[in-house]
Number of protein chains: 2
Amino acid sequence: MTTQATLARLRDYMMGPTRFMNLLSCFELGIIDRLRENPGMTAAELADAVGAKTDAVEQLLNLVVHEDFVGYDEETGGYSLAALGALPEADIERVLAFMDLVKVTCLRQLYYLTDSVRTGTVVGLKELYGYEGTLFGAVAEHKDLRESWGRAMDAETAQIDPWFFDNIDIPAGSQVLDLAGNTGLGAIDTYKLKGSPGLRVTTFDLPQKEEECLENFRANGVAEHCSFIGGDVFESVPKGFDVVLVKHFLALWDKDKVFAIFTNVNKALEAGGQVELLVPLYPEHNKDSSDPRSVDFYPAFFLGCAQAQGGGQKLSAYRALLEETGFEITKVTVKDPADTPPDAFPVHAIISARKVAHL
Amino acid sequence: MTTQATLARLRDYMMGPTRFMNLLSCFELGIIDRLRENPGMTAAELADAVGAKTDAVEQLLNLVVHEDFVGYDEETGGYSLAALGALPEADIERVLAFMDLVKVTCLRQLYYLTDSVRTGTVVGLKELYGYEGTLFGAVAEHKDLRESWGRAMDAETAQIDPWFFDNIDIPAGSQVLDLAGNTGLGAIDTYKLKGSPGLRVTTFDLPQKEEECLENFRANGVAEHCSFIGGDVFESVPKGFDVVLVKHFLALWDKDKVFAIFTNVNKALEAGGQVELLVPLYPEHNKDSSDPRSVDFYPAFFLGCAQAQGGGQKLSAYRALLEETGFEITKVTVKDPADTPPDAFPVHAIISARKVAHL
């Protein structure tokens, strides 16, 4: 990279926050929706419609016109949607859910990233919300965090879970444990998508999740086939299961904690027992041609906004951790970038492994 | 733009905040400095040196390695500076000054951009600092804002002011007014760089700047040639000057205020009187090939972080405002992108005009 190219790239980084909010503000103010309904509105008409000054609307539109997200007619002074107008509504909805996630759970919190790394605590949650703990605890107490997080997670789950269940084998009649299964949605999906005679799915999570989880099982008509066990994965994992699912959980933890999780899963399984890990995968090599889409979000998000630890890993790191804890990888399924919306944050992979040694 | 390309570009926008702070945090933690001193350090060695966990250091380095800012040797597990190592120290200093400006004066404040646009006040300063007013007032009360702002402005001035004075003509013996000249540095530069027998420079700003301004004149040995007039440009501009400089000021204001400034300057000048405006210039057309570097920072910065109004303008807008207030443009000098560091935020221009009509 030439010095000039490096400096230009650094500028790109510097402009990240202002670019992000300029675009999002055009949506939040309602400018984009107005232009969808009434192409050709002038800045003054838009300003009147959204309750802002004409100058401010003009200012914010400069960037989106430059990007060709919105078009501008110099003759009439009218704006209309360009690239944004061509996006299907479902795409816009998904993108806005994630933009809101970035705004609400990251933008201000990231200011404290360095402090969070130094202290191993999410300093941004403490400073902004007076909350000591992780984002996953804070969502229970703070509506804005909860709504933004929930909306984005629903969009993420809708995109990832069907693919996950399409790409794992669960032998008929298996006893399945959904590790850190929260309030049962993974278990319900497992039963609905991979059900077979005798198949039983158990959600394993902290005891306080039990009531809501069982209610979810009843509401979804799977109470006969699903159950709940309360406990702490860092103490022990219940025995008697053939398959252990670990979805959206390993990335929350530093490697010593992942090691502890794998160790406890090993202790709970018989030899040959199966694990299916859903993880964000980082590119292996400096110049890996694989999709780098996980590394510009997850490290800063987990360290500065969510847990003050964790993040995705390279496959080599997951492999080493599994081998050290008595597993061998049997299959790695990386989500095809062609089947992943280009706006998606991470690249997901399923790592399938089986227990080969007792610890 | 295809739907896929639009979504990928939107992802780029979404990743802006996390990418920005991930990179800056590598500097703030001291990781980059350690690698400059000791190439080849492992994540564990770096972690030990900077007081962070190894996992966290590894996580943050993923992105900068992917960007080739930093290199990684898989054999040794050692990191060393790649593109960042090739940057001259002065470039790094300037980039870090602006990254700090973005972090301290923008990152958290931008969360409130939409509210700031709706209310016409800088909501972020109120929410984060309890300050009601603009960034330029807040810097007087808040050390973190003042230091970050001052450092970036010093870097900006060092880059722009010499170019400004190289590109304006000030006839020998002129009486020069530096409009909104703050505490006199522009006047001092004017005298030092454009001095001639009989040349006199007057700083015009709010009366409370007088004492510090006169002290600066004395300290710089120009007290004989420079003076101060206190007043408010929106009320009237002092008469008796041949040349009026307006540097780094017009972008603070919406167009009605710029109109008012030009009107008062017109009233103060004789016919033929000269104005020299230093402004950030926005691209004229949708597809203008001119440098778009001003529009991804200034709109969001001025609206959400600084003034809740203002921003740069297209040349056509400045021209219209000048013509409506009795001026004609005599020359437009745009800073050559080849002479502008690639990391610079705005593209500056000097608009030279002269008074052609009495209002």
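Just above, that's the structure.
Procedures and definitions
Residues numbered from 1 in each chain as written. Chains lettered and ligands numbered in written order. Predicted model: local features only at pLDDT ≥ 70, side-chain atom pairs only at ≥ 80, totals over all residues. Heavy atoms only, no water. Pairing = 2+ DSSP bridges. Helix = DSSP H or I, 4+ residues; strand = E, 2+ residues; numbered from the N terminus. Contact = heavy atoms within 4.5 Å. Axes fitted to C-alpha atoms, helices over the stretch in contact; angles between N-to-C directions. Least-squares fit on C-alpha atoms with pLDDT ≥ 70 in both. Buried area = accessible area lost by both parts, 1.4 Å probe. Salt bridge = Lys/Arg side-chain N within 4 Å of Asp/Glu carboxyl O. Polar contact = N/O pair within 3.5 Å; in protein donor to acceptor, adjacent residues only side chain to side chain. Nonpolar A, V, L, I, M, F, W, Y, C, P; charged D, E, K, R; others polar. Parallel < 35°, antiparallel > 145°, perpendicular 65-115°, else oblique.

Student: When you look at the sheet that holds strand β1 (residues 41-42) of chain B in this model, what are you seeing that I'm missing?
Tutor: The pairing of strands in a sheet comes from backbone hydrogen bonds and takes either a parallel or an antiparallel form. All names here are of chain B. Strand order in this open sheet of three strands is β1-β3-β2, and the pairing throughout is antiparallel. Only two strands of the sheet have a single neighbouring strand rather than two, namely β1 and β2 (70-73). Here two bridges tie β1 to strand β3 (residues 78-81), and the two strands are oriented antiparallel to one another. Along β3, the bridge assignment pairs methionine 41 with tyrosine 79. Along the sheet, helix α5 (residues 54-66) contacts β2 and β3; its crossing angle with β2, the most-contacted strand, is approximately 110 degrees.

Student: Could you clarify how one ought to interpret the relation of the copies chain B and chain A in this entry?
Tutor: Here the two chain copies are tied together by a rotation about an axis and a shift along that axis. Its rotation angle being 180 degrees, the transformation that places chain B on chain A also includes 0.0 Å of axial translation and leaves an RMSD of 0.1 Å. A rotation of that kind, with that shift, is consistent with a two-fold axis. When the interface residues of chain B are mapped onto chain A, 100% of them again fall at the interface, so both copies present the same face.

Student: How should I be thinking about the interface of chain B and chain A in this particular structure?
Tutor: How big an interface is tends to be reported as the loss of accessible area on association of its parts. At the interface, 91 residues of chain B touch 91 residues of chain A. Overall, the association of chain B and chain A removes approximately 8700 Å² of surface from exposure, summing both partners, and the carbon and sulfur fraction of that is 61%. Its largest share of buried area at the contact with chain A, chain B owes to Tyr13, Met14 and Tyr111 of chain B, together 10% of the area lost on that side. Taken together, the links from chain B to chain A amount to 12 salt bridges. Along the contact surface separating chain B from chain A lie 33 residue pairs in polar contact (both at pLDDT 80 or more). Considered class by class, the residues forming the side of chain B that touches chain A number 48 nonpolar, 19 polar and 24 charged.

Student: I tried to follow the pattern of salt bridges on my own but got confused; where do I start?
Tutor: Pairing is possible between side chains that carry opposite charge, provided their charged atoms lie close to one another. Counted under the stated rule, the structure contains 34 salt bridges over all chains. Here glutamate 215 of chain A makes a salt bridge to arginine 218 of chain A, at a shortest N to O gap of 3.1 Å. Highlighted residues: glutamate 215 of chain A and arginine 218 of chain A, both in helix α12 (residues 210-219), separated by three residues, approximately one helical turn. One network of salt bridges, in which partners are shared, links Arg9, Arg11, Asp12 and Arg19 of chain A together with Glu67 and Asp296 of chain B.

Student: Please clarify how the packing of helix α1 (residues 3-14) of chain A against helix α2 (residues 16-28) of chain B should be interpreted in this entry.
Tutor: Pairs of packed helices are described in terms of their axes, by the angle between the two and the distance that separates them. For the pair α1 of chain A and α2 of chain B, interaxial distance at closest approach is 8 Å and the crossing angle is 120 degrees. The orientation of α1 of chain A relative to α2 of chain B falls into the category oblique. Across from Arg9, Leu10, Tyr13 and Met14 of chain A in α1 of chain A, the residues of α2 of chain B making contact are Arg19, Phe20 and Leu23 of chain B. Here the contact of α1 of chain A with α2 of chain B is built from residues that sort into five nonpolar, no polar and two charged.

The values reported here are purely geometric and, on their own, carry no functional implication.
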